[in-house]
Amino acid sequence: MTFRDTAWPEGTPCWVEVRVFDPKHTSEFYGALFGWEFLDRGEEYDHYLTASLAGRTVADIGPRFEEPAGAPSAWLVCIAVESADAVAERIVRAGGTLTVEPTDVGTHGRFAVAADPGGAVFGIWQADEYFGAEVADVPGAAVWHRCLTRDHAAAQAFYVEVFGYTVTPEPGGPGSSGGGPDAANGVVLRLDGRPVAGLAEAGAGAASHWLVTFGVAELATAVTKVTASGGSVVTGPYDTPRGPSVLVADEQGTPFEVVAVGAAT
């Protein structure tokens with residue numbers, strides 16, 4: 001269990017958000033699954049819906065205005081930084097690309113979106129009044145974040161250069177990295193010895209992407225809620241170092257993973 005009332009250390013995933021074509025309908029899906037309550041941020045912030053769990057912020061659901069051909073909906077993992085501009089420069093030097101240049105988000109903070117050399121998209125967040133998730137590692141909140149990549153060596157070198165991570169093998173060895181039974185060669189990205197994220201090879205045919213794992217109290221009950229609200233099971237259950245997990249998708253097709261927090265190792 002993690003409560004946070006100050007900015008997250010640089011290099012730590014600090015926030016997740018998703019843009020969908022029907023935010024209200026999607027908020028009902030996640031509200032039923034995780035017990036989230038929502039605050040509409042108003043026109044200034046495109047009516048983003050900020051989700052809270054027992055009064056503590058956990059995620060955003062926002063509107064998606066464009067529809068690139070074949071572009072899937074995806075959760076965006078945002079990584080805390082002290083200076084969005086400085087880290088954006090490091091991203092480019094390390095071989096990544098900026099899809100959204102650093103920009104101020106009202107008085108909340110400064111934000112940019114990037115893609116690593118393999119094409120996995122992520123955000124960076126320089127906190128001002130808004131530092132990100134206020135709770136993690138409990139049912140209904142994010143418990144892990146993982147990059148699944150088509151180019152493991154290039155992605156690992158990129159994140160080490162940009163954020164200064166050290167790398168250790170994922171407990172359990174190859175094939176234990178989660179993200180479905182096909183994900184392999186998992187490693188843990190660490191800051192000062194503390195695990196902050198994972199990196200593994202993407203399954204056959206999958207594009208490089210970041211995947212969010214949310215905790216649930218009981219896996220079977222969560223899966224039942226997913227399907228009852230119009231979502232679907234992609235694959236699983238399968239074992240991960242964090243516990244039994246299932247890869248699911250919400251009612252608009254956005255994939256995410258759920259793990260039985262009580263069974264985590």
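Structure's up top.
Draft legend 1. Quick look at unusual backbone geometry. The residue after Gly236, namely Pro237, is reached through a cis peptide bond having omega 10°. Along the chain, Pro237 falls in strand E16 (residues 232–240). With a phi close to 65°, Asp137 is a non-glycine residue in the positive phi region. Along the chain, Asp137 falls in the loop between strand E10 (135–136) and strand E11 (142–149). Within the chain, Asp192 stands out as a residue other than glycine whose phi angle is a positive 50°. Of note, Asp192 is situated in the loop between strand E13 (184–191) and strand E14 (194–201).

Draft legend 2. Quick peek at helix H4 (residues 219–228). Looking at H4, one finds that the buried residues are Leu219, Ala222, Val223 and Val226. End-on, the buried residues of H4 take up no more than an arc of 100°, which puts them together on one face. Across H4 from its buried face, at more than 90 degrees, point the exposed residues Thr224 and Ala228. As for H4, its buried residues are in contact with helix H1 (23–34), strand E15 (209–216), E16, strand E17 (243–249) and strand E18 (255–260). The distance from a side-chain oxygen at the start of H4 to the backbone nitrogen of Ala220 is 3.2 Å, and the residue carrying that oxygen is Glu218. Once H4 finishes, Gly230 follows within two positions and takes phi at roughly 95°, a positive value.

Draft legend 3. The packing of aromatic side chains, seen in detail. By the definition in use, this model includes 23 aromatic pairs. A centroid spacing of 6.4 Å and a plane angle of 80° characterise the contact between Phe29 and Phe256, whose relative ring orientation is edge-to-face. Of this pair, Phe29 sits in helix H1 while Phe256 sits in strand E18, and the two are 227 residues apart along the sequence. The class of Phe29 is buried, set by a relative accessible area of 2%. Ring centres 5.8 Å apart and planes at 75° place the aromatic pair Phe214 and Phe256 in the edge-to-face group. Within this pair, whereas Phe214 is found in strand E15, its partner Phe256 is found in strand E18, the two being separated by 42 residues in sequence. By relative accessible area, which is 0% here, Phe214 ends up buried. Judged by its relative accessible area of 0%, Phe256 falls in the buried class. Among the aromatic residues, those joined into a cluster by ring pairs are Phe29, Tyr30, Phe34, Trp36, Phe38, Trp75, Phe214 and Phe256.

Draft legend 4. Broad picture of the packing of helix H2 (residues 84–93) against helix H3 (residues 152–163). For the pair H2 and H3, interaxial distance at closest approach is 9 Å and the crossing angle is 150°. On the basis of their axis angle, the class for H2 and H3 is roughly antiparallel. In this structure, H2 crosses over H3, and the sense of that crossing is right-handed. On H3, the residues touching Val87, Arg90, Ile91 and Arg93 of H2 are Phe158, Glu161, Val162 and Phe163. Across the contact of H2 with H3, the residue classes tally to five nonpolar, no polar and three charged.

Draft legend 5. Quick look at the packing of H1 against H4. For the pair H1 and H4, the least separation of the axes is 9 Å and the interaxial angle reads 160°. Comparing their axes, H4 and H1 come out roughly antiparallel. By crossing handedness, the relation of H1 to H4 is classed as right-handed. Across the interface between the two elements, Phe29, Ala32 and Leu33 of H1 pack against Ala222, Lys225 and Val226 of H4. Looking at side-chain class alone, the contact of H1 with H4 contains five nonpolar, no polar and one charged residues.

Draft legend 6. Highlighting the sheet that holds strand E4 (residues 49–53). A sheet is described by the order of its strands in space; here eight strands give the open sequence E3-E4-E5-E2-E6-E9-E8-E7, paired in mixed fashion. Each edge of the open sheet carries a strand with a single partner, namely strand E3 (37–40) and strand E7 (97–105). The average angle at which neighbouring strand axes cross in this sheet is 25°, direction not considered. Looking at chain direction, strand E6 (residues 75–80) and strand E9 (residues 121–127) are connected through three bridges and run parallel. Considered in E9, the bridge of Ile79 is made with Ile124. Packed on one face of the sheet, H1 meets strand E2 (13–20), E3, E4, strand E5 (56–63) and E6 and runs near 150° to E5.

The rules behind these values
Residues numbered from 1 in each chain as written. Predicted model: local features only at pLDDT ≥ 70, side-chain atom pairs only at ≥ 80, totals over all residues. Heavy atoms only, no water. Helix = DSSP H or I, 4+ residues; strand = E, 2+ residues; numbered from the N terminus. Buried < 20%, exposed > 50% of the residue type's maximum accessible area, 1.4 Å probe, protein only. Arc of directions from axis to C-beta. Contact = heavy atoms within 4.5 Å. Polar contact = N/O pair within 3.5 Å; in protein donor to acceptor, adjacent residues only side chain to side chain. Phe/Tyr/Trp six-rings, centres within 6.5 Å; stacked < 30°, edge-to-face > 60°. Axes fitted to C-alpha atoms, helices over the stretch in contact; angles between N-to-C directions. Parallel < 35°, antiparallel > 145°, perpendicular 65-115°, else oblique. Left-handed = near helix turned anticlockwise from the far one by under 90°. Nonpolar A, V, L, I, M, F, W, Y, C, P; charged D, E, K, R; others polar. Pairing = 2+ DSSP bridges.

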